[in-house]
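Inside the fold
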Amino acid sequence: MKKNVPYLILLPGFVLLVFFLILPLVASIFPSFLPENGGLSNYASFFQDEYNRGIFWRTIRVSSIVTIVSLIFGIPTAYFIAGLSKKWRGILMAMTLFPLLTNSVIRSFAWINILGKNGVLNSLLLKTGLLEQPLNLLYTEFAIIIGSVYLFLPTMVMTLVGVMENIEGEMLEAAETLGASPFTAFMKIVLPLSIPGAIVGSILVFTGTLTAYTTPQLLGGNQKMLMSTFLYQRAATLGDWNGVAVIALIMIVTTLIVMKVLNFIAKKVDRREFDNA
């Protein structure tokens, strides 16, 4: 009986997961495989259409750039926060989390005020004489990337801080004692040990950007549509639920492939570090 206790504890959560997530998802996607609805030809037709392919590759490109930029800014930020005392670490963690407490619509409208033709950035550049005409920053991929980085960078930082604060300080002290500079110690010790957190953070940021709706819709509009906004358009405007199922499954499969690729990279890095050691 005692052996079955862990399974009994997991049972309620498993039942909720099946009935409220898996079954509705299967019920939504399964009809797209029926012959009367087009079957597998639905998916072939999606990628044969140049417009659809453009939206798909734009989504992959934007999600990848947001993930890379979040890593570039998140790693040094997390390293700095993790090296502080508990008091200051708590304060900076709270400041990092603060943007997440603001509604995504409000955050997107703030970026509209910053990036618009009459926004803060263009007004500043025009007043300083650096520009003669305002830049078209809004409703571009650049606007979506900026808004998405602002949205998901705290997630990356929080994930990395949780890993970096568990790295023993004695390891860095030993490296410096042996003549390694702080930068070398960071590259040889901190960065490799932070790979698991970087992989988890990258998955969260990539999938978050891939599936986010509000930020791409408000900052990209219909001119720079992503898969999430394309799905909403098919559902709300056209009522094409078969097309919605196709887009949803493509997004799910894409997410799973990215997770597998990142996990493969993490294993390769860990193996290489072990061999070097």
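Residues numbered from 1 in each chain as written. Predicted model: local features only at pLDDT ≥ 70, side-chain atom pairs only at ≥ 80, totals over all residues. Heavy atoms only, no water.

1. So, the overall build of the protein chain
Each helix and strand in the protein chain was counted, giving 13 helices and zero strands. In the protein chain, the succession of helices and strands from N to C terminus is α-α-α-α-α-α-α-α-α-α-α-α-α. Burial analysis of the protein chain (277 residues in total) assigns 38% to the buried set. For the protein chain, contacts bridging at least 24 residues in sequence account for 68% of all contacts bridging at least 6. Here the protein chain has roughly 16,800 Å² of accessible surface; of this, 69% comes from carbon and sulfur atoms. (Helix = DSSP H or I, 4+ residues; strand = E, 2+ residues; numbered from the N terminus. Buried < 20%, exposed > 50% of the residue type's maximum accessible area, 1.4 Å probe, protein only. Contact = heavy atoms within 4.5 Å. Areas by Shrake-Rupley, 256 points an atom, 1.4 Å probe, with all protein chains shown as cover.)

2. Quick look at empty space enclosed by the protein
Taking a probe equal in size to a water molecule and rolling it over the atoms shows the remaining empty space. This model, assessed by the stated rule, comprises one cavity of 30 Å³ or more. Considered as a void within the structure, the largest cavity measures approximately 40 Å³ in volume. Taken together, Arg107, Ser108, Trp111, Gly147, Tyr150, Leu151, Thr215 and Leu219 make up the lining of the largest cavity. Elements represented by at least two residues in the lining of the largest cavity include exactly helix 5 (104–115), helix 7 (141–164) and helix 11 (214–220). (1 Å grid on protein atoms, 1.4 Å probe; cavity = no way out; pocket = protein on both sides within 12 Å on 5 of 7 lines; lining within 4 Å. Points joined across faces, edges and corners; volume = space filled by probe spheres on them.)

3. Quick look at a nonpolar patch on the surface
Taken together, the side chains of Leu8, Leu11, Phe14, Val15, Leu16, Phe19, Phe20 and Leu23 make up a nonpolar region of the molecular surface, amounting to roughly 840 Å² of accessible area. Considering the arrangement of structural elements, one finds leucine 16 in helix 1 (residues 5–29). (Patch = residues over 30% accessible without salt bridge, like charges linked within 9 Å, V, L, I, M, F, W, Y side chains within 5 Å. Salt bridge = Lys/Arg side-chain N within 4 Å of Asp/Glu carboxyl O.)

4. Structural notes on the UniProt feature "transmembrane region" (unreviewed entry) in the protein chain
Mapped onto this structure's residue numbering, the UniProt feature "transmembrane region" (unreviewed entry) falls at residues 7–30, 62–84, 91–114, 142–164, 185–206 and 241–262. When the span residues 91–114 is considered, its composition is 75% helix and 0% strand, and the gap between its end C-alpha atoms is 27 Å. (UniProt positions renumbered as here; feature names shortened; annotations may be inferred.)

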